[in-house]
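Given next are the chains, with one letter for each unit.
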Amino acid sequence: MLAIIWGALTARRAQALAVLLLAVLAGAAAAAAPSYVAAAGQAVARNELATADPTDSQLRLAESTDYPGMPGDPSRAPFGNDVRELAPAGFDVVFGSQSGGVATGRAGKATSNLVFRSGVCERVSVTGACPRATTKGQLPEVMVSTHTAQRLGVAAGGQFTFGAVPVRVAGVYRPLDVTDPFWVGAEFIRTPAAGAAATAVPGSAEDAIFTSESAPLVDDQVITRRATADLYLTERLLDSHSVRDLQSMVAVLARDSDLRGFGSGTSLSAFFDRVALQRGQLADGVTLGAGLLVLLSWLVLFVSVSSGADERRPEQGLLLLRGVQRPRLWALAIGEHAVPVLVAIPLGCLGGVAAARLLAAHTLPTQADVSVDATVVGYAAVGALGALVAVLLAQARTMSAPVVDLLRRVPARARGWRATVGDMVAVAVAVAAVVQVRSGGTPSGLALVAPVVGALAAGLLFARVAMLGGAVAGAALLARGRTASGLALVQVARQPRFRPLIALLTVAVAMLAFTAATSEVASAAYADRATIEVGAPRVVEVDATSRSHLLNAVRAVDPEGRFAMAAVVTNAASEADTPVLAVDSGRLATVTVPRSFYGASLADVARAIRPDPPGEPLDLRGRLLTVLATADFDKAAFGGNRVRLVVTVASANGTRVVVALKDVEPGHDEYRFPVPECAQTCRLVKIEILAEVVPQPLVVRFDKLLTGDGDTDGDGDFDGDRVRLTGAQFGELERWRQTDPNYSFLSSGEGKDAGLVIDIPDGRRVKPAGISVADSPSPLPGWLTRSKGEMLGSSHRYEAIDGTPSEARVVGLADRLPRLGGSGLVVDLEYADRLAVAGQSGTKEVWLTRTAPADVLDRLRAQGLVVKHDRTIAAVRDGYDRQGAAIALRFNLFAALAGVLIGAAGLVALAAAEQRNRVAMLVALRRQGLPARAVRGGYGWPVVVATVSGGIATVVIWLLTRDGQRLFSRGRSPLPLPDWPDAGRLLLFVAPTVALFALTAVVLARIVAASIRRRTGR
């Protein structure tokens, strides 16, 4: 038998080589998937590590109590020994020790930490030297930042005291890279306070003061310290361990450290969850592409071998006539094809790893290692053995056919229950897969390959229809005298081998169209989500002393409003609450990227939320504010219940409530309020009367408002008071808005009693009575998202930007809003700030266009803003493109493109297998007078059928599975996915595919025609 098998391989070298190559292709496709998944898993984990917050990749162990003495190196102490025993291999350990206190120099003081941290000298540039270990009696050496040195008034070689410990400055440092996880965010290099002088050097006067590894004191009791150890996750650990193993390590470490009395804290669990999610999505997504490649490899092998088996039918029929048993024929068939399949397993492994390396180099966000392991070998073996099964199935019909059928020149078309059952099974699997996809939840099982099995089922059904319809159409065309088209259709319909070819080409076309459509939709979804989540081409998160400081700073940087806009964003505490976006509305349409998915024109939004104010702001200038008022009440009846006057002012430093220096007394009097923040300028927000209990009616008339700087010459007189409001101006009711209209009455006096009168009836007061300046609309006009279910003109309750409950008047509705997505409210920032009465709330941001100057951040810093975070739409969009779901899409697109080449190979394989018989038949017909143009047809019809059926299958699969696609690894997009891809971009993939198949068919037809011309001479 072995000799016969070897003889068969030698005699049919071309077919054996084809089986070998196709089996290698199947094994390589199967092996590439786990290789690529492993490499891509490394890449996404490394990308997460590179982009994570410093605290997300760190675990800190700390002693539970403070010990006397200067901070020093704890690695030589029992604490260090315990940490080395506890820390799993692979973590980078940074030992430290610190003590809190106040540093006092000749120029000032700074609240800071005295810190030892191993490795700090390698991460700073130093003017002077790093601190050295000292002995008892010597001054401990320290290293301070440039900001701390400036605040304390020291330099290298100088001295200051930290708490009660005098220290010597060995050097002044600057951090080389403040984004290094070593600095643990802003723990050691502090963010400067808003309003501080701008500087190019990161940090502030509160930066850590670093000391040496050992500095014993004469009296260690004057200072205490606590040892710490920071364990940093490394790429080496991520590459060599699964997420589950790492989670187990961290859990054991936390448990054991607690048993030893150490405190521990980490955010690693959230980091591990993100990595696990992305790796899972990556593996699931790659399953589709790998399944497509393996399926197409098996299909093309089936087409090739079945075509060859059909050509050898007479040979097998003669063997059966001569008494050879069918089991021996099966043994010969198995042996003949098992040899190349077994050889294909190692070659498939190597080919799959090579393909995975090529893909990894061009599609992964970071470098990753691709290697061969048991999993890769196993998958390659499955792919190759599946190829063997495909080979045997391709010969099953021939091996089981009666002798009379084997001796026929043209094989019988597929009849009976076998072909029908096969189609029904394929359709049933496709239906089950689609049902799983549409059932919701995380896709698994058949749902992962639903598009592939759907395309296969569609290809088989369309092939069946094409074979039946081709026979009828071909006969009709022949009857009408259209020989070329009719003969080509009849030839295709009579040959059962064309049926799997049509299915193969249908799957190739449909899956390329589907994966290209998915990639196009994903690209659009990434761009849209980045646009709506960021809001503007570039958004800089800043810290400012107040909202007015933010507004004024941005307007100073961009006076004409061409490239910058101030904004404040507040998040909702729950789904029922409303997030708020407060913007400098005059710049909204200029800075924000317009998109149709907002469902409203941003220019219309800006105009609607910024109507003309009812009055102008009441600006004040002077360190002392004086209110002349006349009070009318029975002081005896009030007993011990005090009546006080309170003003609220807003300046660049925020909003502050100031109580008058004395209580309100009956009669006319002056009430003074120290307001140092108004030395430059400030704005009056409101004036209130505090009286918790009013036994009898209380009437207060405001007669005049004065501003000045108080007693400037020390003679006891308040010089230079300026009249800001006269009695008549005070009495202009349209200037004011009552703060408590339900329990007080407002009127104006005339003549000598000109002024503003507040009449408070008796009773217990819940809220103070008073007036606020009507310098903004109230309620605030806002543009609301439709998801809130409000009507135009209605009132909507929300939490204002100062954190207080408020109401907005709905002046417009949008589908979505920049930065907020599908739920939120946009209001004017300046009006919202004028209505604010409490402290600061929300995130302060500066939105920038693409045309913003390159030095815009330096300009913002020069205005006293502190830059905290900078992100762009492009960077966020690239971040989505680096996640596991996007990487899987790129693999699937590569698999679909490779599938097109496999489809073309199947067309060539079928033509090669049937060429001898086809040429012989056409030569006979040509000699009988068949026109020359009639011998060129045949191969184009499968391409036409596959193109049409592939297009229909793509549309059907898209409609059934698009809702189950997972395009994001983190959260859900505030936007629905596009219903359809861009047709133009889709044609860029599909048109070349159809052209390749058509060109292949034309070349094959010309080869057949050339062979016929050589044999007929015409």
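Everything below is about the structure printed above this text.
Computed from a predicted structure; not experimentally measured.

Reading the values: the criteria
Residues numbered from 1 in each chain as written. Predicted model: local features only at pLDDT ≥ 70, side-chain atom pairs only at ≥ 80, totals over all residues. Heavy atoms only, no water. Helix = DSSP H or I, 4+ residues; strand = E, 2+ residues; numbered from the N terminus. Buried < 20%, exposed > 50% of the residue type's maximum accessible area, 1.4 Å probe, protein only. Contact = heavy atoms within 4.5 Å. Areas by Shrake-Rupley, 256 points an atom, 1.4 Å probe, with all protein chains shown as cover. Axes fitted to C-alpha atoms, helices over the stretch in contact; angles between N-to-C directions. Parallel < 35°, antiparallel > 145°, perpendicular 65-115°, else oblique. Left-handed = near helix turned anticlockwise from the far one by under 90°. Nonpolar A, V, L, I, M, F, W, Y, C, P; charged D, E, K, R; others polar. 1 Å grid on protein atoms, 1.4 Å probe; cavity = no way out; pocket = protein on both sides within 12 Å on 5 of 7 lines; lining within 4 Å. Points joined across faces, edges and corners; volume = space filled by probe spheres on them. Pairing = 2+ DSSP bridges. Salt bridge = Lys/Arg side-chain N within 4 Å of Asp/Glu carboxyl O. Disulfide = S-S within 2.5 Å. Arc of directions from axis to C-beta.

1. Topic: the overall build of the chain
Phase 1 of the analysis: Along its length, the chain carries 26 helices and 34 strands.
Phase 2 of the analysis: Per-residue burial over the chain gives 51% buried out of 1018 residues.
Phase 3 of the analysis: Long-range pairs, those at least 24 residues apart, make up 81% of the contacts in the chain with a sequence separation of at least 6.
Phase 4 of the analysis: For the chain, the accessible area works out to roughly 44,000 Å², and carbon and sulfur atoms hold 56% of it.

2. Notes on helix H16 (residues 547-557)
Phase 1 of the analysis: Taken across its eleven residues, H16 has eight buried, putting it largely inside the fold.
Phase 2 of the analysis: Listed in full, the buried residues belonging to H16 are Arg547, Ser548, His549, Leu550, Leu551, Ala553, Val554 and Val557.

3. Comments concerning the packing of helix H13 (residues 450-479) against helix H15 (residues 498-534)
Phase 1 of the analysis: Between H13 and H15, whose axes approach to 8 Å, the crossing angle comes to 140 degrees. One finds that H13 runs oblique with respect to H15. Between H13 and H15 lies a crossing whose hand is right-handed. Packed against H13, whose contacting residues are Pro451, Val452, Ala455, Leu456, Gly459, Leu460, Ala463, Arg464, Ala466 and Met467, the element H15 presents Phe498, Arg499, Ile502, Ala503, Thr506, Val507, Ala510, Met511 and Phe514 at the interface.
Phase 2 of the analysis: The residue makeup of the contact of H13 with H15, split by class, is 15 nonpolar, two polar and two charged.

4. Remarks on unusual backbone geometry
Phase 1 of the analysis: Residue proline 779 follows serine 778 across a cis peptide bond; omega there is 0 degrees.
Phase 2 of the analysis: By the element assignment, proline 779 lies in the loop between strand S28 (769-773) and strand S29 (780-785).
Phase 3 of the analysis: Positive phi, normally seen in glycine, also occurs at valine 184, with a value near 50 degrees.
Phase 4 of the analysis: Here valine 184 shows up in the loop between strand S8 (165-175) and strand S9 (209-211).
Phase 5 of the analysis: Within the chain, arginine 819 stands out as a residue other than glycine whose phi angle is a positive 75 degrees.
Phase 6 of the analysis: Considering the arrangement of structural elements, one finds arginine 819 in the loop between strand S31 (805-814) and strand S32 (825-828).
Phase 7 of the analysis: The class of arginine 819 is partly exposed, set by a relative accessible area of 22%.

5. A short note on empty space enclosed by the protein
Phase 1 of the analysis: Following the criterion strictly, the structure yields five cavities of 30 Å³ or more and no others.
Phase 2 of the analysis: Approximately 380 Å³ is the volume found for the largest cavity.
Phase 3 of the analysis: Taken together, 22 residues line the largest cavity, and the ones lying closest to its centre are Gly285, Leu288, Gly964, Gln965 and Arg966.
Phase 4 of the analysis: Of all the elements in the fold, those that place two or more residues in the lining of the largest cavity are helix H7 (268-311), H13, H15 and helix H24 (884-927).
Phase 5 of the analysis: Looking at the lining of the largest cavity, its residues break down into twelve nonpolar, eight polar and two charged.

6. Observations concerning the environment of glutamine 42
Phase 1 of the analysis: Relative to the assigned elements, glutamine 42 resides in helix H2 (residues 13-51).
Phase 2 of the analysis: Along the chain, glutamine 42 and valine 275 lie 233 residues apart, while their C-alpha atoms are 9.6 Å from each other.
Phase 3 of the analysis: The residues contacting glutamine 42, other than those within four sequence positions of it, are Asp239, Arg279, Ala368 and Asp369.

7. Quick word on the sheet that holds S32
Phase 1 of the analysis: If you trace the nine strands from one edge of the open sheet to the other, you get S30-S31-S29-S32-S14-S13-S33-S12-S34, paired in mixed fashion. Every interior strand has two partners, whereas the edge strands, strand S30 (795-799) and strand S34 (866-872), have only one. Strand after strand, the sheet turns through a mean of 35 degrees between neighbouring axes, direction not considered.
Phase 2 of the analysis: Judged from the six bridges that link them, S29 and S31 form a sheet pairing that is parallel. Each bridged residue has a counterpart across the sheet, and for threonine 785 the counterpart in S31 is alanine 814.
Phase 3 of the analysis: Packing against the sheet, H16 makes contact with strand S12 (538-543), strand S13 (564-570) and strand S33 (843-848), and its axis sits at approximately 160 degrees to S13.

8. What about the pattern of salt bridges?
Phase 1 of the analysis: Within the structure shown, the criterion is met by 50 salt bridges.
Phase 2 of the analysis: With a shortest N-O distance of 3.4 Å, aspartate 180 and arginine 123 are connected by a salt bridge. Separated by 57 residues along the polypeptide, aspartate 180 in the loop between S8 and S9 and arginine 123 in the loop between strand S4 (109-117) and strand S5 (124-128) bring together distant segments of the chain.
Phase 3 of the analysis: For aspartate 180, a relative accessible area of 24% translates into the label partly exposed.
Phase 4 of the analysis: Note that lysine 868 and glutamate 541 form a salt bridge whose closest N and O atoms lie 3.8 Å from each other. Highlighted residues: lysine 868 in strand S34 and glutamate 541 in strand S12, separated in sequence by 327 residues.
Phase 5 of the analysis: Here the salt bridges share partners, and the residues they tie into one network are Arg555, Asp558, Asp584, Arg587, Arg610, Asp828, Glu830 and Arg834.

9. Here we look at the state of the cysteines
Two cysteines, two sulfur atoms, one covalent bond between them: this is a disulfide.
Phase 1 of the analysis: Taken as a whole and judged by the stated rule, the model has two disulfides.
Phase 2 of the analysis: Covalently, cysteine 121 is tied to cysteine 130 through a disulfide, its sulfur atoms 2.2 Å apart. Between cysteine 121 and cysteine 130, the disulfide has an S-S torsion of -140 degrees and is therefore left-handed.
Phase 3 of the analysis: What pairs with cysteine 678 in a disulfide is cysteine 682, and their sulfur atoms sit 1.9 Å apart. Classification of the bridge connecting cysteine 678 and cysteine 682 rests on its S-S torsion, roughly 90 degrees, and on that basis the disulfide is right-handed.
Phase 4 of the analysis: The buried category is assigned to cysteine 678, whose relative accessible area is 1%.

10. Thoughts on helix H3 (residues 78-86)
Phase 1 of the analysis: Burial in H3 covers these residues: Phe79, Gly80, Val83 and Leu86. Across the axial projection of H3, the buried residues extend over an arc of 130 degrees, all falling on one side. Exposed positions of H3 whose direction lies more than 90 degrees from the buried face are Pro78 and Glu85.
Phase 2 of the analysis: Buried-residue contacts for H3 involve strand S1 (58-63), strand S3 (92-104), strand S10 (224-232), helix H6 (243-259) and strand S11 (262-266).

11. Structural notes on the environment of arginine 735
Phase 1 of the analysis: Along the chain, arginine 735 turns up in the loop between helix H20 (727-730) and strand S24 (736-738).
Phase 2 of the analysis: Filtering out sequence-adjacent residues up to four positions away, arginine 735 remains in contact with Leu618, Leu725, Gln729, Ser772, Val773 and Ala774.

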